[in-house]
Amino acid sequence: MTSSSLDNAPTGGTVMNTGGGSGGGGAAAAAATVAAAGANGGAGGGSGLMGSFLFNVLLRIGKVGTGLIAIVAGLLYAKQESLLYFPEINGIPRRPSSNPRTYRSPSEYKIPFTSHKIACSDNVSIHAWLLLQPSSFNTPSSSSKDSTSTAPTIIFFHGNAGNIGLRLPNAAQMYHNLGCNIFMVEYRGYGDSDDVKPNERGLKLDAEAAYEFLLNSSSSSRGTSSISKDGTNINIDTDKIFVFGRSLGGAVAFHLASYAEHTLHKPLRGIIVENTFRSISRMVDTLMPYIAPLKFLVLRMDWNSERIAPTIQTPILYLAGENDELVPHSHMVELYNKSVVRSVYAKIHIIKGGTHNDSWIMGGVDYFVAMKSFLSNVILHHPSSSVCRHSTDRSMYHQSSVSSFDIMDDEKPSSISVSGPKSASKSEVTMGGNQQIDGSGSGSTSIPLMPKNLLSMAKEATNKVFNNVSDKKKEI
């Protein structure tokens, strides 16, 4: 080790640096130069003593720096899951029933719904609410409905903090504005799901179980599953299942899209992601550059959506807040550019003034029109089996017929750089206004994202170490 060779170096002599490591190694090299200069300067023993003193000071600083890096790296390795997943937030209890009013149940919005417990492949059970459009009901006294009359279903994956009740205002807006069933899934460890520690592998199993629950309920007719609840049959058109994910939920949605397309060979009809990130590793690069060189040693989490985006053909819509303060806006742009390479239809809708948590409020009417036009476009012009057939026919998409926000190339925001084929029928960029809609108070809930919290925790740990070092010096 560098430190041992330097500790044994004779005072006033030439010091050989045989280590070259970081932290202590850099200080040792500097100390070697100082000591050598002192020895050869002709100032006698006083200069040699001064060089030795400076050498020891720099060596101690190097050791402290190395120790700090080791402590922070150890903290990140041991605590990273607890720094990403927050089942409880801002004093709000874990379970939806304990939330403030209007955040407890879909019944507060007079929306018909069913509550489900779904078993995952590892025997963990997760909780979900299924908000139902009237067309999805088939009571015993009513006639059987064919799949063309049933509403699309959107699987809703929430962010990293708090239970699904906190997303009810947004889900209710989606329910009314889009005319879809909303399947609100609660990750393990959250809300009324089983009380186990959430992690990346577990959340991926949760997503797979939720999708298979919709697919594998006793099939009543081709393309339609029927869920029996309290004497009522609920028809789900399995050819019109979309997935929506916000922030961390976007990464969960990407995984499910890949799983559905490549493993089940039953692709989702479409993907909608809002303010999500390229990968956890990329977030570390952006928000914690001083730790980035060590991430390959300490980072267990991946959530690598940028690896998935160019591999799936499923249609995808990106809803990107222009002023996202947690996930750099460039992450959504880069993911969109990667999707254009292979997706049969990729669209990005930019919310002017939208931040990480309030884009759906700031987006106003344009936000929901962009979503509805995407859903309609995919359902009307994209046969659900074409992804399985590796279809390359993208002429089925017609921008002008479904969107009032289409903008010409010279009107696109300067931050957008669209790569890949530039066929207007394959990709689309739209820009919404910043008029707000009534969020029913939901905008007051601040939902943190892991890297920002991880950064503050690392800084806090670093400050504690420095304080401890200072205290010890005072004691000495």
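The structure displayed is predicted, hence computed values, not measured ones.

**Some details on the pairing of strand 4 (residues 153-157)**
Alright, step 1. Of all five residues that make up strand 4, five are buried, and the element is covered over most of its length.
Alright, step 2. Burial of the side chains of strand 4 extends over both faces: Thr153, Ile155 and Phe157 are buried on one face and Ile154 and Phe156 on the other.
Alright, step 3. Where strand 4 lies against strand 5 (residues 181-186), five bridges are found, and the strand directions are parallel. Residue pairing across strands places Ile155 opposite Phe183, the latter belonging to strand 5.
Alright, step 4. The handedness of the strand 4 to strand 5 crossover, carried by helix 4 (residues 168-178), is right-handed.
Alright, step 5. Here strand 4 pairs with strand 9 (residues 241-246) via five bridges, running parallel. Within the sheet, the bridge partner assigned to Phe157 lies in strand 9 and is Gly245.

**What to know about the packing of aromatic side chains**
Alright, step 1. One pass over the structure, following the stated rule, counts ten aromatic pairs.
Alright, step 2. With 6.4 Å between their ring centres and 40 degrees between their planes, Phe254 and Tyr318 make a pair best called tilted. Placement of Phe254 in helix 6 (residues 248-264) and of Tyr318 in strand 11 (residues 316-321) is noted, with a sequence separation of 64 residues between them.
Alright, step 3. Taken together, a centroid distance of 6.0 Å and an interplanar angle of 20 degrees make the contact between Tyr345 and Phe374 stacked. Taken together, the positions of Tyr345 in the loop between helix 10 (329-340) and strand 12 (346-351) and Phe374 in helix 12 (residues 364-381) put the pair 29 residues apart, joining distant regions of the chain.

Calculation criteria
Residues numbered from 1 in each chain as written. Predicted model: local features only at pLDDT ≥ 70, side-chain atom pairs only at ≥ 80, totals over all residues. Heavy atoms only, no water. Buried < 20%, exposed > 50% of the residue type's maximum accessible area, 1.4 Å probe, protein only. Helix = DSSP H or I, 4+ residues; strand = E, 2+ residues; numbered from the N terminus. Pairing = 2+ DSSP bridges. Right-handed = clockwise from strand over helix to strand, strands pointing away. Phe/Tyr/Trp six-rings, centres within 6.5 Å; stacked < 30°, edge-to-face > 60°.

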